[in-house]
Amino acid sequence: MSDILLPIIALLSGFVLLIWSADEFTENGAKIANIFKVSPLIIGLLIFGFGTSAPEMLVSGLAAMNGNTGLSIGNAVGSNIFNIALVLGVSAIISPIEVQGNILRKEWIFLMVATLVAGLLLLDLRLDVFDGFILLALLFLFLGYTFRESKKSQNHEFDEFAKKIDKSETVKTWVMLVIGLIVLISSAKLVVWGGVAIAQAFGVSDLIIGLTVVALGTSLPELAVSIASVLKKQYEMVVGNVIGSNLFNTIAVLAIPGFIHPSDVAPEVMTRDYPVMLLLTVLLFAVSYKFGKKHIINRFEGVFLVSIFSLYMWQLF
């Protein structure tokens, strides 16, 4: 019992810190977007997308160094499933999410291409350095595109809010943003450590740990940031966060084990887990894009996404 007590404390304290840091991170991210007239979508895709994917990258790298590639791959694929089915689903249940059409026409297409490329690379059930380079090339393409878009984008939606921000507070805002991100990542690590320790105590396999406990732990920042963004009615950041995070998971997190520890991929990844990730990526477009109408992910669609997640979890166990 004493062996389980410390992981449980880590898990609970991680949750508490996660909620606080997500709120700080979202609030200060929105301020930075306004100060520099950057589109909230770009903030969602880059700062939130990359920032909240940092735990996945960290866990993936550490697992690969230990020769535990199953956990790395499970973490990347599992996190993408969690992000769309759970993060977006729960966010839509809390409040229907309005999605801009251009996000679906551009960023979603990039995510879809990355998902298909990752599937093709994993078809031979092997992840190696060559695969890592192809995924890294996609990452640089995405970053180049995002920076180009950020120059075109102007933030018109929060102009009134921007006027209220004292420019002298910029340094303080950046400091709080960084502190929020550090606590966000640290608290996610606490949750992952506690969760993995509990799972291992019950003798669960590495791939399943990666797909469930680790994926949930590393997806908690996305969930916390998305819920905080929904409550603040910053819907662009919610969708930008999910698409950006899934892109980083697919092309950056998956590339890491390819570079550090090339190895075979468990057959279940391609027969069970990848098809669910691909289906959810397609569903992301299906529930968002309403032809000739406002693009809104409603509560019913949120429940539908969470139901798919529940079915997938049932299938795993």
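Look up: the structure comes first, before these words.
Residues numbered from 1 in each chain as written. Predicted model: local features only at pLDDT ≥ 70, side-chain atom pairs only at ≥ 80, totals over all residues. Heavy atoms only, no water.

Remarks on the pattern of salt bridges
- Enumeration over the complete set of coordinates arrives at four salt bridges.
- Taking the shortest distance from any N to any O, the salt bridge between Lys-294 and Glu-98 comes out at 3.9 Å. Of this pair, Lys-294 sits in the loop between helix H11 (267-288) and strand E4 (296-297) while Glu-98 sits in strand E1 (residues 97-98), placing them 196 residues apart in sequence.
- By relative accessible area, which is 57% here, Lys-294 ends up exposed.
- What makes Glu-98 partly exposed here is its relative accessible area of 38%.
- Here Asp-264 and Arg-126 are joined by a salt bridge, their closest N and O atoms 3.2 Å apart. (Salt bridge = Lys/Arg side-chain N within 4 Å of Asp/Glu carboxyl O. Helix = DSSP H or I, 4+ residues; strand = E, 2+ residues; numbered from the N terminus. Buried < 20%, exposed > 50% of the residue type's maximum accessible area, 1.4 Å probe, protein only.)

Quick notes on the packing of aromatic side chains
- Tallying each qualifying case throughout the model produces seven aromatic pairs.
- Ring geometry for Phe-82 versus Phe-309: centroids 4.8 Å apart, planes at 70°, classification edge-to-face. Within this pair, whereas Phe-82 is found in helix H3 (residues 69-94), its partner Phe-309 is found in helix H12 (residues 299-316), the two being separated by 227 residues in sequence.
- Taking relative accessible area as the criterion, Phe-82 reaches 3% and is therefore assigned buried.
- When the centroid spacing of 5.3 Å and the interplanar angle of 55° are considered together, the rings of Phe-110 and Phe-142 count as tilted. Note that Phe-110 is positioned in helix H4 (residues 101-122) and Phe-142 in helix H5 (residues 129-152), a separation of 32 residues in sequence.
- Through a chain of ring-to-ring contacts, three or more aromatic side chains come together here, namely Phe-110, Phe-142, Tyr-145 and Phe-248. (Phe/Tyr/Trp six-rings, centres within 6.5 Å; stacked < 30°, edge-to-face > 60°.)

A short note on the nonpolar core
- Core analysis: the largest hydrophobic core is formed by 77 residues, its most contacted members being Leu-88, Ile-97, Ile-243, Leu-247, Ile-251, Leu-254 and Leu-280.
- In terms of residue count, the dominant contributor to this core is H3 (eleven residues).
- In contact with Leu-247, not counting residues within four places along its chain, are Glu-107, Phe-110, Leu-111, Ala-114, Phe-142 and Ala-252.
- By size, the runner-up hydrophobic cluster in this structure holds eight residues, among which are Val-59, Ala-63, Val-196 and Val-214. (Core = buried A, V, L, I, M, F, W, Y, C linked by side-chain atoms within 4.5 Å. Contact = heavy atoms within 4.5 Å.)

Remarks on the layout of surface pockets
- Taken as a whole, the largest pocket spans an internal volume of roughly 280 Å³.
- Of all the secondary structure elements, the ones that give two or more residues to the lining of the largest pocket are helix H2 (40-65) and helix H7 (170-201).
- Per-element accounting of the lining of the largest pocket gives the leading share, five residues, to H7.
- Residue composition of the lining of the largest pocket, by class: eight nonpolar, three polar and one charged. (1 Å grid on protein atoms, 1.4 Å probe; cavity = no way out; pocket = protein on both sides within 12 Å on 5 of 7 lines; lining within 4 Å. Points joined across faces, edges and corners; volume = space filled by probe spheres on them. Nonpolar A, V, L, I, M, F, W, Y, C, P; charged D, E, K, R; others polar.)

Let's talk about H4
- Here H4 spans 31 Å end to end across 22 residues, near enough to the 32 Å set by a 1.5 Å rise per residue.
- At Trp-108, H4 is bent by approximately 30°, the largest bend along its length. (Expected span 1.5 Å × (residues − 1). Bend = angle between axes of the 7 residues up to and from the residue.)

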